[in-house]
Amino acid sequence: MSIEIKHVTKRYAGYTALDNISLNVDTGDLVALLGPSGCGKTTLLRIIAGLDTPDSGSIFLEERDTTGIPAREKNVGFVFQHYALFRHLNVFDNVAFGLRVRPSQTRPSKNEIRDRVVYLLKLVQMEWAVKRYPSQLSGGQRQRVALARALAVNPKVLLLDEPFSALDAKVRQELRRWLRKLHDDIHVTSIFVTHDQEEALELADRIVVINKGRIEQQGSPQEVYDHPANAFVYNFLGNVNVFHGRLRDGKVLVGDHLIEAGKRIGHHEAEHGQAFIRPHEIGISRIRSGKNDIVGFIRDIRLMGGQIGLELETAGFDKPIEAEIPRETWRNLELSRGDEVFITLDRATVFTGDYVI
Ligand code: ADP
Ligand code: MG
């Protein structure tokens, strides 16, 4: 089922939680709403579900205006951040719950309910736990049961509000991959809310970046990561070095270094600009490789999985530059702490104007 959000605005006592949000989700897509805490993600999800009404704007599900229709009549499935399983019911009864409370005309038979619950528990790989109670399961297992429960009523839309954020990093990563595979199998139109950019990048077909109740950018993970529309998105999507300075011929003057822009976004008459560059976009070499090279010293070396993280000290910059290079490259460079290096910032994106994050 496709979802169309049209000009949705929501205010709480004068505070604008959602400011004219418009968004389309295609049938079968998995879309991530990504943004910092308090930006309006849960508010939007609750409005789509029908748990809340917007002050203005509308929600269309499969081209039907469903604004104001309550959640129970909308056929949406929900999974929340905090485990919402019934503590006094075992796993089987938790998953069966939504089917058993249906009015008798639409309630499936006992056998049909059993078959559906067993099918769903197999789908989420929890069939071994039918008789267990939530307190006997790990956090990740509980969230998988919660997902089975949400799917029991055959929802046309699945809404997931930070379902993994209370779990530790390793489990979170496993569940994220597992959910992606599950979605590829069942293809329910899904909206996944998260404040974790890695989770959004890895999981979603499309990412919608939200800030202060507005959409900053939407696109495929690759698009938003490689071509951030503005400084907020650039900063929010991953580690980044930011250099502020005056603009001179479209370059940013920091100390007495001119940072060339690989790409420039914004108006040209601006006086100030910010150069953004991700740690892995920084070039490091033992010898001068171009006229824009900056001389620096290696202040710190950190092992980061397959990469080496470097902290580089440079005269004229008020903070160290963070760089990341593959281990292989690092070995070949044969450098150590305190050594002099030549740093290239040519792949920076320059945002002009006084925008400050
Ligand atoms: P997120 O899920 O992105 O963290 P929320 O949608 O929960 O953000 O909240 C967005 C903003 O709206 C926050 O500033 C929050 O304090 C405010 N807000 C949310 N719900 C209510 C409410 N029921 N009453 C008053 N303010 C609210
Ligand atoms: Mg929230």
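Residues numbered from 1 in each chain as written. Chains lettered and ligands numbered in written order. Predicted model: local features only at pLDDT ≥ 70, side-chain atom pairs only at ≥ 80, totals over all residues. Heavy atoms only, no water.

Asks: Outline the packing of helix α4 (residues 139–152) against helix α5 (residues 169–186), listing residues and values.
Replies: Between α4 and α5, the least distance of the axes is 11 Å, while the angle of their chain directions is 20 degrees. Relative to α5, the element α4 lies roughly parallel. Crossing of α4 against α5: the hand is right-handed. Between α4 and α5, the residues in contact are Gly 140, Arg 144, Leu 147 and Leu 151 and Val 171, Leu 175, Trp 178, Leu 179, Leu 182 and Ile 186, respectively. (Axes fitted to C-alpha atoms, helices over the stretch in contact; angles between N-to-C directions. Helix = DSSP H or I, 4+ residues; strand = E, 2+ residues; numbered from the N terminus. Parallel < 35°, antiparallel > 145°, perpendicular 65-115°, else oblique. Left-handed = near helix turned anticlockwise from the far one by under 90°. Contact = heavy atoms within 4.5 Å.)

Asks: Give a detailed account of the sheet that holds strand β6 (residues 76–79), specifying residues and quantitative values.
Replies: Taken together, the six strands give an open sheet; going across it, the order is β6-β7-β8-β3-β9-β10, and neighbouring strands pair in mixed fashion. Edge strands, defined here as strands with exactly one partner in the open sheet, are β6 and β10 (214–219). Taken over all neighbouring pairs, the strand axes of this sheet differ in orientation by 20 degrees on average, direction set aside. Alignment of strand β7 (residues 157–161) against strand β8 (residues 189–194), held across five bridges, turns out to be parallel. (Pairing = 2+ DSSP bridges.)

Asks: Could you give an account of the packing of helix α2 (residues 91–100) against α4, with specific residues and numbers?
Replies: One way to put it is that α2 packs onto α4 with a least axis distance of 7 Å and a crossing angle of 25 degrees. Put simply, α2 runs roughly parallel to α4. As α2 runs across α4, the sense of the crossing is right-handed. Contact residues: Val 91, Asn 94, Val 95 and Leu 99 in α2; Val 145, Ala 148, Arg 149 and Ala 152 in α4. Of the residues in the contact of α2 with α4, the class split is six nonpolar, one polar and one charged. (Nonpolar A, V, L, I, M, F, W, Y, C, P; charged D, E, K, R; others polar.)

Asks: How would you sum up the confidence of the model for the protein? Please name residues and give values.
Replies: Averaged over every residue, the pLDDT of the protein is 91; the share at 70 or more is 98%. Of all helices and strands in the protein, the one with the weakest mean pLDDT is strand β14 (residues 263–265) (75), whereas strand β9 (residues 206–211) scores best (98). (pLDDT = per-residue confidence, 0-100.)

Asks: Tell me about the site of ligand 1, and please be specific about residues and values.
Replies: The environment of ligand 1 is formed by Tyr 12, Tyr 15, Ala 17, Pro 36, Ser 37, Gly 38, Cys 39, Gly 40, Lys 41, Thr 42 and Thr 43. Within the contact set of ligand 1, an oxygen atom lies 2.9 Å away from a side-chain nitrogen or oxygen of Lys 41. The fraction of the free accessible surface of ligand 1 (560 Å²) that becomes covered by protein chains is 58%. Elements supplying a minimum of two residues to the shell around ligand 1: β2 (15–25) and α1 (41–49). Per-element tally for the shell around ligand 1: the top contributor is α1, with three residues. Residues that form the shell around ligand 1 fall into these classes: five nonpolar, five polar and one charged. (Near = heavy atom within 4 Å. Polar contact = N/O pair within 3.5 Å; in protein donor to acceptor, adjacent residues only side chain to side chain. Areas by Shrake-Rupley, 256 points an atom, 1.4 Å probe, with all protein chains shown as cover.)

Asks: A description of α5 should follow, citing residues and the corresponding values.
Replies: For α5, which comprises 18 residues, the first-to-last C-alpha distance of 26 Å matches the rise-based estimate of 26 Å (1.5 Å per residue) to within 8%. Within the sequence span of α5, burial applies to Arg 172, Leu 175, Arg 176, Trp 178, Leu 179, Arg 180, Leu 182 and His 183. The elements touched by buried residues of α5 are β3 (30–34), α3 (110–123), α4, β8 and α6 (197–203). His 187, located one to two residues past α5, shows a positive phi value of around 55 degrees. (Expected span 1.5 Å × (residues − 1). Buried < 20%, exposed > 50% of the residue type's maximum accessible area, 1.4 Å probe, protein only.)

Asks: Tell me what's going on with α2, and back it up with residues and numbers.
Replies: Taken together, the buried positions of α2 are Val 91, Phe 92, Asn 94, Val 95, Ala 96 and Leu 99. Those residues of α2 that are buried lie in contact with α3 and α4. Two or three places before Phe 92, at the start of α2, stands the capping residue Asn 90, its side-chain oxygen 3.1 Å from that residue's backbone nitrogen.

Asks: Can you explain the side chain of Asp 161? Please cite residues and give values.
Replies: Secondary-structure assignment places Asp 161 in strand β7. No salt bridge forms around the buried Asp 161; measuring N to O, its nearest opposite-charge neighbour Lys 41 is 6.9 Å away. Within the structure, the side chain of Asp 161 is placed 2.8 Å from the side chain of Thr 42, a separation counted as a polar contact. Contacts of Asp 161, omitting those with residues within four sequence positions, involve Thr 42, Leu 45, Val 79, Phe 80, Gln 81 and Val 193. (Lys, Arg positive; Asp, Glu negative; His and termini not counted. Salt bridge = Lys/Arg side-chain N within 4 Å of Asp/Glu carboxyl O.)

Asks: For the pairing of β9, give the residues involved together with the corresponding values.
Replies: The side chains of a regular strand alternate, residue by residue, between the two faces of the sheet. Within β9, five of the six residues are buried, leaving the element largely enclosed by the surrounding structure. Pairing analysis gives four bridges linking β3 to β9, with the strands arranged parallel. In the strand pairing of β9, Leu 34 is matched with Val 209. In terms of strand pairing, β9 meets β10 through five bridges, oriented antiparallel. Each residue of the ladder has a partner; that of Ile 210, found in β10, is Ile 215. Two successive antiparallel strands, β9 and β10, enclose a turn made up of two residues, where Lys 212 displays a positive phi of approximately 50 degrees.

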